[in-house]
Amino acid sequence: MPLHPPHHPPHQPDPNDLARLLTDVATGRISASDALATLTTGPLSTPHAGGSNAGGGTATDRVTLDLDRQRRCGFPEVIYGDGKPADMIAGIIQAQQDAGQPSFATRVAAAVAEQVQAQIPGVRFNPIARTLTAGISEPPLPTPLPRSNDAAAVPDAAEIAHAAVVTAGSTDAPVAEEAIETLHWMGIPFRQFDDIGVAGPARLLAAVPHLREASAVVVIAGMEGALPAAVGVHLSVPVFAVPTSVGYGATLGGLTAMLGMLSSCASNVAVVNIDAGFKAAYLAGLVVRQLKRSA
(Lines give C-alpha, C1' and ligand atoms only; values in the text may rest on other atoms or scores of the structure.)
Protein backbone atom coordinates (compact mmCIF):
# COMPACT_ATOMS: atom_id res chain seq x y z
CA MET A 1 0.00 0.00 0.00
CA PRO A 2 1.33 3.48 -0.78
CA LEU A 3 1.83 5.84 2.11
CA HIS A 4 -0.55 8.37 0.61
CA PRO A 5 -3.17 6.60 -1.50
CA PRO A 6 -5.08 8.84 -3.93
CA HIS A 7 -8.47 10.10 -2.83
CA HIS A 8 -10.00 9.24 -6.22
CA PRO A 9 -9.27 6.27 -8.46
CA PRO A 10 -7.49 7.14 -11.70
CA HIS A 11 -9.69 7.67 -14.72
CA GLN A 12 -10.23 4.48 -16.75
CA PRO A 13 -10.99 5.27 -20.40
CA ASP A 14 -13.97 3.60 -21.98
CA PRO A 15 -12.78 0.76 -24.27
CA ASN A 16 -14.88 2.08 -27.17
CA ASP A 17 -13.38 5.56 -26.79
CA LEU A 18 -9.88 4.10 -26.59
CA ALA A 19 -10.48 2.07 -29.75
CA ARG A 20 -11.72 5.19 -31.52
CA LEU A 21 -8.65 7.12 -30.41
CA LEU A 22 -6.29 4.41 -31.66
CA THR A 23 -8.15 4.35 -34.97
CA ASP A 24 -7.74 8.11 -35.31
CA VAL A 25 -3.99 7.76 -34.76
CA ALA A 26 -3.73 4.89 -37.26
CA THR A 27 -5.64 6.81 -39.93
CA GLY A 28 -3.69 10.03 -39.38
CA ARG A 29 -6.62 12.11 -38.06
CA ILE A 30 -4.60 13.01 -34.96
CA SER A 31 -0.95 12.67 -34.01
CA ALA A 32 0.40 10.21 -31.47
CA SER A 33 1.44 13.12 -29.22
CA ASP A 34 -2.09 14.55 -29.25
CA ALA A 35 -3.51 11.11 -28.46
CA LEU A 36 -1.11 10.81 -25.53
CA ALA A 37 -2.13 14.26 -24.28
CA THR A 38 -5.78 13.25 -24.48
CA LEU A 39 -5.12 10.14 -22.43
CA THR A 40 -3.22 12.04 -19.76
CA THR A 41 -5.34 15.18 -19.44
CA GLY A 42 -8.87 13.92 -19.11
CA PRO A 43 -11.75 11.78 -20.39
CA LEU A 44 -11.86 10.89 -24.04
CA SER A 45 -15.46 11.88 -24.53
CA THR A 46 -18.19 14.00 -23.08
CA PRO A 47 -19.73 12.58 -19.92
CA HIS A 48 -23.24 11.38 -20.61
CA ALA A 49 -24.96 14.28 -18.86
CA GLY A 50 -27.84 14.74 -21.26
CA GLY A 51 -31.23 13.09 -21.52
CA SER A 52 -32.21 10.07 -23.58
CA ASN A 53 -32.39 10.13 -27.35
CA ALA A 54 -34.67 8.24 -29.68
CA GLY A 55 -32.22 5.33 -29.92
CA GLY A 56 -32.37 4.63 -26.20
CA GLY A 57 -28.98 6.06 -25.23
CA THR A 58 -28.14 9.48 -23.89
CA ALA A 59 -28.12 12.63 -26.01
CA THR A 60 -24.32 12.87 -25.78
CA ASP A 61 -23.59 9.25 -26.77
CA ARG A 62 -22.40 10.34 -30.22
CA VAL A 63 -20.31 13.28 -28.97
CA THR A 64 -16.55 13.06 -28.55
CA LEU A 65 -15.69 16.34 -26.88
CA ASP A 66 -12.17 17.66 -27.35
CA LEU A 67 -11.39 18.89 -23.85
CA ASP A 68 -7.72 19.18 -24.77
CA ARG A 69 -8.30 21.82 -27.45
CA GLN A 70 -7.81 24.73 -25.07
CA ARG A 71 -4.27 23.53 -24.30
CA ARG A 72 -3.41 23.03 -27.99
CA CYS A 73 -5.21 25.96 -29.59
CA GLY A 74 -5.67 28.48 -26.79
CA PHE A 75 -9.48 28.27 -26.70
CA PRO A 76 -11.96 25.47 -25.97
CA GLU A 77 -14.07 23.71 -28.56
CA VAL A 78 -17.00 25.77 -29.86
CA ILE A 79 -20.45 24.17 -30.06
CA TYR A 80 -22.26 24.49 -33.39
CA GLY A 81 -25.82 24.41 -32.15
CA ASP A 82 -27.88 24.16 -35.34
CA GLY A 83 -29.61 20.78 -35.39
CA LYS A 84 -28.37 19.69 -31.97
CA PRO A 85 -30.98 18.86 -29.30
CA ALA A 86 -30.98 20.81 -26.06
CA ASP A 87 -29.87 17.79 -24.02
CA MET A 88 -26.79 17.36 -26.18
CA ILE A 89 -25.80 21.03 -25.96
CA ALA A 90 -26.41 21.03 -22.21
CA GLY A 91 -24.29 17.91 -21.79
CA ILE A 92 -21.38 19.46 -23.68
CA ILE A 93 -21.60 22.71 -21.74
CA GLN A 94 -21.73 20.84 -18.45
CA ALA A 95 -18.63 18.82 -19.38
CA GLN A 96 -16.75 22.00 -20.28
CA GLN A 97 -17.84 23.69 -17.08
CA ASP A 98 -16.71 20.67 -15.06
CA ALA A 99 -13.32 20.99 -16.80
CA GLY A 100 -13.12 24.71 -15.95
CA GLN A 101 -13.51 25.81 -19.57
CA PRO A 102 -15.68 28.70 -20.84
CA SER A 103 -18.49 27.51 -23.11
CA PHE A 104 -19.68 29.07 -26.36
CA ALA A 105 -22.43 27.78 -28.65
CA THR A 106 -23.47 29.35 -31.95
CA ARG A 107 -26.62 29.10 -34.11
CA VAL A 108 -28.88 28.04 -31.25
CA ALA A 109 -32.65 28.34 -31.71
CA ALA A 110 -34.51 30.26 -29.02
CA ALA A 111 -36.61 27.26 -27.96
CA VAL A 112 -33.49 25.10 -27.63
CA ALA A 113 -31.69 27.82 -25.69
CA GLU A 114 -34.57 28.04 -23.22
CA GLN A 115 -34.34 24.30 -22.54
CA VAL A 116 -30.56 24.49 -22.05
CA GLN A 117 -30.94 27.38 -19.61
CA ALA A 118 -33.48 25.35 -17.65
CA GLN A 119 -30.91 22.55 -17.26
CA ILE A 120 -27.80 24.63 -16.50
CA PRO A 121 -27.99 27.78 -14.37
CA GLY A 122 -25.86 30.72 -15.46
CA VAL A 123 -26.04 30.11 -19.21
CA ARG A 124 -26.61 33.38 -21.09
CA PHE A 125 -28.51 33.55 -24.40
CA ASN A 126 -28.19 36.34 -26.95
CA PRO A 127 -31.34 36.07 -29.10
CA ILE A 128 -29.98 38.34 -31.85
CA ALA A 129 -26.69 36.46 -32.19
CA ARG A 130 -28.35 33.10 -31.38
CA THR A 131 -25.45 32.25 -29.07
CA LEU A 132 -25.10 30.67 -25.64
CA THR A 133 -22.23 31.43 -23.28
CA ALA A 134 -21.30 30.07 -19.88
CA GLY A 135 -18.37 30.44 -17.53
CA ILE A 136 -17.27 33.88 -18.73
CA SER A 137 -17.35 37.26 -17.04
CA GLU A 138 -20.38 39.49 -16.88
CA PRO A 139 -21.48 42.00 -18.04
CA PRO A 140 -20.99 41.24 -21.74
CA LEU A 141 -18.23 43.86 -22.05
CA PRO A 142 -15.01 42.73 -20.36
CA THR A 143 -13.11 45.85 -21.38
CA PRO A 144 -13.41 49.64 -21.04
CA LEU A 145 -14.14 49.98 -24.76
CA PRO A 146 -17.74 51.04 -25.42
CA ARG A 147 -20.24 49.51 -27.78
CA SER A 148 -20.73 52.80 -29.57
CA ASN A 149 -19.16 55.19 -32.03
CA ASP A 150 -18.43 57.66 -29.22
CA ALA A 151 -14.63 57.66 -29.40
CA ALA A 152 -14.44 60.54 -26.93
CA ALA A 153 -15.54 58.15 -24.19
CA VAL A 154 -12.25 56.25 -24.51
CA PRO A 155 -9.36 58.70 -24.93
CA ASP A 156 -6.72 55.96 -24.57
CA ALA A 157 -8.30 53.46 -26.98
CA ALA A 158 -5.22 53.49 -29.21
CA GLU A 159 -3.14 52.16 -26.31
CA ILE A 160 -5.39 49.10 -25.88
CA ALA A 161 -4.95 46.25 -28.36
CA HIS A 162 -8.47 45.64 -29.60
CA ALA A 163 -10.62 44.57 -32.53
CA ALA A 164 -13.22 46.64 -34.32
CA VAL A 165 -16.52 45.27 -35.59
CA VAL A 166 -18.05 47.27 -38.45
CA THR A 167 -21.44 46.81 -40.08
CA ALA A 168 -22.63 48.27 -43.37
CA GLY A 169 -26.27 48.40 -42.24
CA SER A 170 -28.54 47.65 -39.32
CA THR A 171 -29.81 44.47 -41.00
CA ASP A 172 -26.32 43.01 -40.54
CA ALA A 173 -26.83 43.10 -36.75
CA PRO A 174 -27.28 39.32 -36.18
CA VAL A 175 -23.92 38.56 -37.80
CA ALA A 176 -22.27 41.43 -35.92
CA GLU A 177 -23.70 40.20 -32.62
CA GLU A 178 -22.29 36.74 -33.29
CA ALA A 179 -18.89 38.34 -33.89
CA ILE A 180 -19.14 40.40 -30.72
CA GLU A 181 -20.14 37.41 -28.60
CA THR A 182 -17.15 35.53 -30.04
CA LEU A 183 -14.76 38.30 -29.03
CA HIS A 184 -16.33 38.46 -25.58
CA TRP A 185 -15.88 34.68 -25.14
CA MET A 186 -12.24 35.05 -26.21
CA GLY A 187 -11.71 37.94 -23.77
CA ILE A 188 -10.74 40.32 -26.58
CA PRO A 189 -11.38 44.08 -26.24
CA PHE A 190 -13.46 45.49 -29.06
CA ARG A 191 -15.24 48.53 -30.40
CA GLN A 192 -18.38 48.52 -32.52
CA PHE A 193 -19.20 50.77 -35.48
CA ASP A 194 -22.71 50.35 -36.86
CA ASP A 195 -24.40 51.36 -40.10
CA ILE A 196 -21.48 53.01 -41.90
CA GLY A 197 -21.91 51.42 -45.33
CA VAL A 198 -20.91 52.88 -48.68
CA ALA A 199 -24.39 54.36 -49.20
CA GLY A 200 -23.19 57.17 -46.90
CA PRO A 201 -19.43 57.64 -47.43
CA ALA A 202 -19.22 60.48 -44.91
CA ARG A 203 -20.11 58.07 -42.11
CA LEU A 204 -17.19 55.82 -42.98
CA LEU A 205 -14.73 58.70 -43.30
CA ALA A 206 -15.73 59.93 -39.84
CA ALA A 207 -14.98 56.48 -38.37
CA VAL A 208 -11.63 55.95 -40.12
CA PRO A 209 -9.45 57.73 -37.50
CA HIS A 210 -10.92 55.46 -34.80
CA LEU A 211 -10.67 52.32 -36.93
CA ARG A 212 -6.95 53.03 -37.33
CA GLU A 213 -6.58 52.46 -33.58
CA ALA A 214 -7.72 48.83 -33.89
CA SER A 215 -5.33 45.90 -34.29
CA ALA A 216 -7.73 43.94 -36.51
CA VAL A 217 -11.06 44.83 -38.09
CA VAL A 218 -14.12 42.72 -38.89
CA VAL A 219 -16.26 44.26 -41.65
CA ILE A 220 -19.74 42.86 -42.17
CA ALA A 221 -21.74 43.74 -45.29
CA GLY A 222 -24.35 42.40 -47.66
CA MET A 223 -25.72 43.84 -50.91
CA GLU A 224 -22.75 44.28 -53.28
CA GLY A 225 -20.16 43.73 -50.52
CA ALA A 226 -18.19 46.92 -51.20
CA LEU A 227 -17.52 48.04 -47.63
CA PRO A 228 -14.48 45.84 -46.72
CA ALA A 229 -12.41 47.22 -49.60
CA ALA A 230 -13.48 50.76 -48.76
CA VAL A 231 -12.37 50.21 -45.16
CA GLY A 232 -9.23 48.28 -46.01
CA VAL A 233 -7.64 50.97 -48.16
CA HIS A 234 -7.57 53.28 -45.13
CA LEU A 235 -5.90 50.81 -42.72
CA SER A 236 -2.62 48.99 -42.19
CA VAL A 237 -4.11 46.05 -40.25
CA PRO A 238 -5.88 42.83 -41.31
CA VAL A 239 -9.50 43.25 -42.38
CA PHE A 240 -11.66 40.14 -42.11
CA ALA A 241 -14.66 40.53 -44.40
CA VAL A 242 -17.97 38.80 -43.76
CA PRO A 243 -20.48 38.69 -46.62
CA THR A 244 -24.05 38.53 -45.35
CA SER A 245 -27.19 37.16 -46.92
CA VAL A 246 -28.78 40.63 -46.79
CA GLY A 247 -29.98 42.08 -50.08
CA TYR A 248 -32.35 41.83 -53.01
CA GLY A 249 -32.71 38.88 -55.36
CA ALA A 250 -29.56 39.50 -57.38
CA THR A 251 -27.46 39.22 -54.23
CA LEU A 252 -28.19 35.47 -54.33
CA GLY A 253 -28.26 34.96 -50.57
CA GLY A 254 -24.86 36.58 -50.03
CA LEU A 255 -23.04 35.00 -52.98
CA THR A 256 -22.75 38.33 -54.80
CA ALA A 257 -21.23 40.00 -51.74
CA MET A 258 -18.83 37.11 -51.19
CA LEU A 259 -17.60 37.14 -54.81
CA GLY A 260 -17.19 40.91 -54.68
CA MET A 261 -15.15 40.70 -51.47
CA LEU A 262 -13.01 37.89 -52.87
CA SER A 263 -12.30 40.10 -55.89
CA SER A 264 -11.24 43.07 -53.75
CA CYS A 265 -8.10 44.94 -54.78
CA ALA A 266 -7.44 45.87 -51.12
CA SER A 267 -4.46 43.71 -50.19
CA ASN A 268 -5.25 43.47 -46.48
CA VAL A 269 -8.77 42.04 -46.93
CA ALA A 270 -9.42 38.33 -46.31
CA VAL A 271 -12.89 36.84 -46.70
CA VAL A 272 -14.77 34.25 -44.64
CA ASN A 273 -17.97 32.40 -45.43
CA ILE A 274 -21.43 33.96 -45.76
CA ASP A 275 -22.86 35.12 -42.39
CA ALA A 276 -19.78 33.68 -40.61
CA GLY A 277 -19.44 36.32 -37.90
CA PHE A 278 -17.88 33.76 -35.57
CA LYS A 279 -15.09 32.84 -37.99
CA ALA A 280 -14.07 36.44 -38.75
CA ALA A 281 -14.13 37.45 -35.08
CA TYR A 282 -12.11 34.39 -34.09
CA LEU A 283 -9.40 35.30 -36.60
CA ALA A 284 -9.39 38.93 -35.48
CA GLY A 285 -9.24 37.78 -31.87
CA LEU A 286 -6.19 35.64 -32.58
CA VAL A 287 -4.42 38.65 -34.08
CA VAL A 288 -5.16 40.79 -31.02
CA ARG A 289 -4.21 37.97 -28.66
CA GLN A 290 -0.82 37.53 -30.31
CA LEU A 291 -0.13 41.25 -30.08
CA LYS A 292 -1.07 41.30 -26.40
CA ARG A 293 1.20 38.32 -25.69
CA SER A 294 4.14 39.94 -27.46
CA ALA A 295 3.69 43.32 -25.78
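In this text the structure is predicted, and so the values were computed from the model without any measurement.

1. Focus on the environment of A250
Now for step 1: Topologically, A250 is positioned in the loop between β8 (239-243) and α9 (255-262).
Now for step 2: Look at A250 and you get exposed, because its relative accessible area is 63%.
Now for step 3: Sequence spacing of A250 and E224 is 26 residues, and the spatial spacing of their C-alpha atoms is 9.3 Å.

2. Observations regarding the pairing of strand β6 (residues 190-193)
Now for step 1: Side chains F190 and Q192 of β6 all project onto a buried face; the interleaved residues R191 and F193 project onto the opposite face, where all are buried too.
Now for step 2: Relative to β6, strand β5 (residues 163-167) runs parallel, the two being bridged by 4 bridges. If you follow V165 over to β6, its bridge partner there is Q192.
Now for step 3: On the question of chirality, the crossover connecting β5 to the parallel β6 by way of helix α6 (residues 173-186) is right-handed.

3. Observations concerning a nonpolar patch on the surface
Now for step 1: A grouping of L252, L255, L259 and L262 is seen on the molecular surface, where their side chains present a nonpolar patch of about 380 Å² in accessible area.
Now for step 2: Considering the arrangement of structural elements, one finds L262 in helix α9.

4. Examining the packing of α6 against helix α10 (residues 277-294)
Now for step 1: Where α6 meets α10, the closest approach of the two axes is 8 Å, and the angle between their N-to-C directions is 35 degrees. Our pair here, α6 against α10, has a crossing hand that is right-handed. Listed contacts from α10 to V175, E178, A179, T182, L183, W185 and M186 of α6 are G277, F278, A281, Y282, G285 and L286.
Now for step 2: Looking at the contact of α6 with α10 residue by residue, the class counts come to 9 nonpolar, 3 polar and 1 charged.

5. Digging into the pattern of salt bridges
Now for step 1: The final tally for this structure, using the stated rule, is 9 salt bridges.
Now for step 2: With a shortest N-O distance of 3.1 Å, E213 and R191 are connected by a salt bridge. Separated by 22 residues along the polypeptide, E213 in the loop between α7 (201-211) and β7 (216-221) and R191 in strand β6 bring together distant segments of the chain.
Now for step 3: Through salt bridges with shared partners, a single network forms among D66, D68, R69, R71, R72 and E77.

6. Side note on the pairing of strand β2 (residues 103-106)
Now for step 1: Burial of the side chains of β2 extends over both faces: S103 and A105 are buried on one face and F104 and T106 on the other.
Now for step 2: Once you follow strand β1 (residues 79-80) into helix α4 (residues 86-98) and on to β2, the crossover reads as right-handed.

7. Concerning the sheet that holds β7
Now for step 1: Strands sit in the order β6-β5-β7-β8-β9 across an open sheet of 5 strands; the sheet is parallel. Of all the strands in the sheet, the pair left with one neighbour each is β6 and β9 (269-271). Each neighbouring strand pair of the sheet contributes to a mean axis angle of 20 degrees, computed without reference to strand direction.
Now for step 2: Here β8 runs beside β9; their pairing, made up of 3 bridges, is parallel.

8. Some thoughts on the sheet that holds β2
Now for step 1: Spatial strand order, β1-β2-β4-β3: 4 strands in an open sheet with mixed pairing. Both edges of this open sheet fall to β1 and β3 (124-126), since each of them pairs with a single strand only.
Now for step 2: With 3 bridges joining them, β3 and strand β4 (residues 131-134) adopt antiparallel strand pairing. What sits directly across from R124, in β4, is T133.
Now for step 3: Here helix α5 (residues 110-119) sits on the sheet and contacts β3 and β4; the angle it forms with β3, its principal contact strand, is near 170 degrees.

9. A look at the packing of aromatic side chains
Now for step 1: A complete count under the given rule lists 5 aromatic pairs for this structure.
Now for step 2: Their ring planes at 25 degrees and their centres at 5.4 Å tell us that F104 and W185 sit as a pair that is stacked. With F104 in strand β2 and W185 in helix α6, this pair connects stretches of sequence that are 81 residues apart. Here F104 and W185 have matching classes, each one buried.
Now for step 3: When the ring of F278 is compared with that of Y282, the centres are 5.7 Å apart and the planes differ by 50 degrees; the resulting orientation is tilted.

So, how was this worked out
Residues numbered from 1 in each chain as written. Predicted model: local features only at pLDDT ≥ 70, side-chain atom pairs only at ≥ 80, totals over all residues. Heavy atoms only, no water. Helix = DSSP H or I, 4+ residues; strand = E, 2+ residues; numbered from the N terminus. Buried < 20%, exposed > 50% of the residue type's maximum accessible area, 1.4 Å probe, protein only. Pairing = 2+ DSSP bridges. Right-handed = clockwise from strand over helix to strand, strands pointing away. Patch = residues over 30% accessible without salt bridge, like charges linked within 9 Å, V, L, I, M, F, W, Y side chains within 5 Å. Areas by Shrake-Rupley, 256 points an atom, 1.4 Å probe, with all protein chains shown as cover. Salt bridge = Lys/Arg side-chain N within 4 Å of Asp/Glu carboxyl O. Axes fitted to C-alpha atoms, helices over the stretch in contact; angles between N-to-C directions. Left-handed = near helix turned anticlockwise from the far one by under 90°. Contact = heavy atoms within 4.5 Å. Nonpolar A, V, L, I, M, F, W, Y, C, P; charged D, E, K, R; others polar. Phe/Tyr/Trp six-rings, centres within 6.5 Å; stacked < 30°, edge-to-face > 60°.

The values reported here are purely geometric and, on their own, carry no functional implication.
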